[in-house]
Amino acid sequence: TKTNNYTNDGKIVEKRRREIDSVTLELRKLYNKLMLKNNSNKAPLVEKILSIIKDGFREYAFKHDGCRFFQGCIKYGDKDQRKRIITTLKELVIELATKKYGIFLALKMWKFGEKEQQDELLKLILPKLLLLNKSPSGEMFLNFVFLNSNNSIQEILVSNYLRHQMKVNFEDLKKIAKEQGLLKKINIA
């Protein structure tokens, strides 16, 4: 929240007040340690962050700080920690990809996910291609996935996108033709 305070000469001084709970402060401290370049043993820090978050993955995934915490944990965590985070958050990938802060977490999930995890994410992405394409951040996510995938995944994305797009266009054309009485004339109705 913002409040305005006035100086002696009448000028407005903006003052930010932000209440931050002690858990978030602790997570910020751990995250800052995780980001230090001279710290070579990062897995214990990641484990400590994850143990503090516990079952609050969804709650933190959509917050500015929380996204950063998870991004750092995915980037610097060991293989098992990455797998655990991505597996826990995978059901949220579509929602994350279309949110202001979540997009960056969705990108990290794809970038650092193992082949099996990318396949699982792809299964969640394919039915939502058009939805993702309507959102600027969703479109950015699709572009990233496409550019950072092998040829077979690229072909799957393109064919599914075209199939969804053609279905939508065909339904729109059919509706317009029906409204204008064209279907009766060519015996399709």
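Cut-off values and rules
- Residues numbered from 1 in each chain as written.
- Predicted model: local features only at pLDDT ≥ 70, side-chain atom pairs only at ≥ 80, totals over all residues.
- Heavy atoms only, no water.
- Phe/Tyr/Trp six-rings, centres within 6.5 Å; stacked < 30°, edge-to-face > 60°.
- Helix = DSSP H or I, 4+ residues; strand = E, 2+ residues; numbered from the N terminus.
- Buried < 20%, exposed > 50% of the residue type's maximum accessible area, 1.4 Å probe, protein only.
- Lys NZ or Arg CZ within 6 Å of the ring centre and 35° of its normal.
- Salt bridge = Lys/Arg side-chain N within 4 Å of Asp/Glu carboxyl O.

Focus: the packing of aromatic side chains
Here a ring pair, both rings aromatic, is described through the centre-centre distance and the interplanar angle of the planes. All chains considered together, the criterion is met by three aromatic pairs. On the basis of an interplanar angle of 35 degrees and a centroid distance of 5.0 Å, the ring pair of Phe57 and Phe70 is categorised as tilted. Separated by 13 residues along the polypeptide, Phe57 in helix H3 (residues 57-61) and Phe70 in helix H4 (residues 64-76) bring together distant segments of the chain. For the residue pair Phe57 and Phe70, the accessibility class agrees, reading buried in each case. When the ring of Tyr60 is compared with that of Phe69, the centres are 6.4 Å apart and the planes differ by 50 degrees; the resulting orientation is tilted. The rings of Tyr31, Tyr60 and Phe69 are connected pair by pair, giving a single aromatic cluster. A cation over a ring is seen here: Lys42 above Tyr76, with NZ or CZ 3.9 Å from the ring centre. Cation over ring: Lys63 sits above Tyr60, and NZ or CZ is 5.7 Å from the ring centre.

Some words on the pattern of salt bridges
For the structure shown, the criterion picks out seven salt bridges. Ionic pairing is found between Asp65 and Arg68, a salt bridge with its closest N-O pair at 2.9 Å. Taken together, the residues span about one helical turn, with Asp65 and Arg68 both in helix H4 at a distance of three residues. Here Lys90 makes a salt bridge to Glu120, at a shortest N to O gap of 2.8 Å. Of this pair, Lys90 sits in the loop between helix H5 (79-89) and helix H6 (93-97) while Glu120 sits in helix H8 (residues 115-125), placing them 30 residues apart in sequence. Connected via shared salt-bridge partners are Arg28, Asp65 and Arg68.

Just geometry here; none of it tells us what the structure is for.
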